[in-house]
Amino acid sequence: FQLYGYCYQDSNDIPDTLTTITELGSPLEMIQLLQTSWEDRFRICLSLVRLLHYLAHSPLGSVTLLDFRPRQFVIVDGELKVTDLDDASIEESSCTSNSDCFMEFPARNFTLPCSVEGRCQSMNEKRNLYNAYRFFFTYLLPHSAPSSLRPLLDKIVNATGNCNKHGNAKYFLFYPSPSVNSEFTQKCVKSANTKYRRVPEAFIPDENYRCWPSYHHKGCLLSVFDVNEAIEICDSYSQCKAFVLMNQTTWTGRQLVFFKMASNHIMPDPDKITYVKVTD
């Protein structure tokens, strides 16, 4: 969370009180998140990976969030941020044997090694990791994910579900790279048989239909890597007869495209390019 200011107050009425002023975020609603595009959900998971890394290597040492649930987080400009630190702890559990380092969760349990110093090794970090898996990754990552990325996403989910702290972050940090994005797109985009007529500096204002997931609640606005992917998407929808490149990109650089059910009314627009399906 971005801290803008704080005030420490110590008086007879209110002793030892710290008031903070932080950036404003939106409450995290999991049902609403599942209705957003996969790319936006991936961005949230990516920000969570960065948070997990910071908690594991903070200036205070390894920090665990004892109440690691969605209600403790907010969304700020598409990024996930923790807002409630009342249950944060830097104490690693003490132990005399491995059996003392037992982590119990509803679905599975873990036993960690006890160090020679008498502390459970990486318990704070792995508790955060598994909670991130069961509350976030398992819901937000696989749901409607691009088919070409699913093998990597399976590795991420399995690694976090097994509390493997080394087997997931590298895949998250790889995805926004244009070269990796291109590689995955080339694997999944097929050669299109349908022909399209390119109409530069043109836009179709109406003729919308709904699709899911979409960046527009009354139309079908999706992100694509290039025109070939847009053609494949349009070919996959029976009602799609045209699409418009919007000259806007998502946070990973993918281009936004509006898919249309007709091309009867085309208007000039210098910032857009329209592709119309050619019918025999």
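Residues numbered from 1 in each chain as written. Predicted model: local features only at pLDDT ≥ 70, side-chain atom pairs only at ≥ 80, totals over all residues. Heavy atoms only, no water.

Undergrad: How would you summarise the pattern of salt bridges if you had to cite specific residues and measurements?
TA: Tallied over the entire structure, the rule returns 8 salt bridges. One salt bridge connects Glu79 with Arg43, and the closest N-O pair in it is separated by 3.2 Å. Residue Glu79 is located in strand E6 (residues 79-82), and its partner Arg43 is located in helix H2 (residues 38-56); the two are separated by 36 residues in the primary sequence. With a closest N to O distance of 3.1 Å, Lys272 and Asp269 form a salt bridge. Here the two residues Lys272 and Asp269 agree in accessibility, since each one is buried. When salt bridges with common partners are traced through the structure, they connect Glu39, Glu229 and Arg254 into a single cluster. (Salt bridge = Lys/Arg side-chain N within 4 Å of Asp/Glu carboxyl O. Helix = DSSP H or I, 4+ residues; strand = E, 2+ residues; numbered from the N terminus. Buried < 20%, exposed > 50% of the residue type's maximum accessible area, 1.4 Å probe, protein only.)

Undergrad: Kindly report on unusual backbone geometry, identifying the contributing residues and their values.
TA: The phi dihedral of Ser122 is positive, around 60 degrees, even though this residue is not glycine. Relative to the helices and strands, Ser122 is located in the loop between strand E9 (109-111) and helix H3 (123-140). Note on Ser122: relative accessible area 23%, which makes it partly exposed. A positive phi is found at Asn247, a non-glycine position, where the angle reads about 60 degrees. Considering the arrangement of structural elements, one finds Asn247 in strand E12 (residues 242-249). Residue classification places Asn247 among the exposed positions, given a relative accessible area of 54%.

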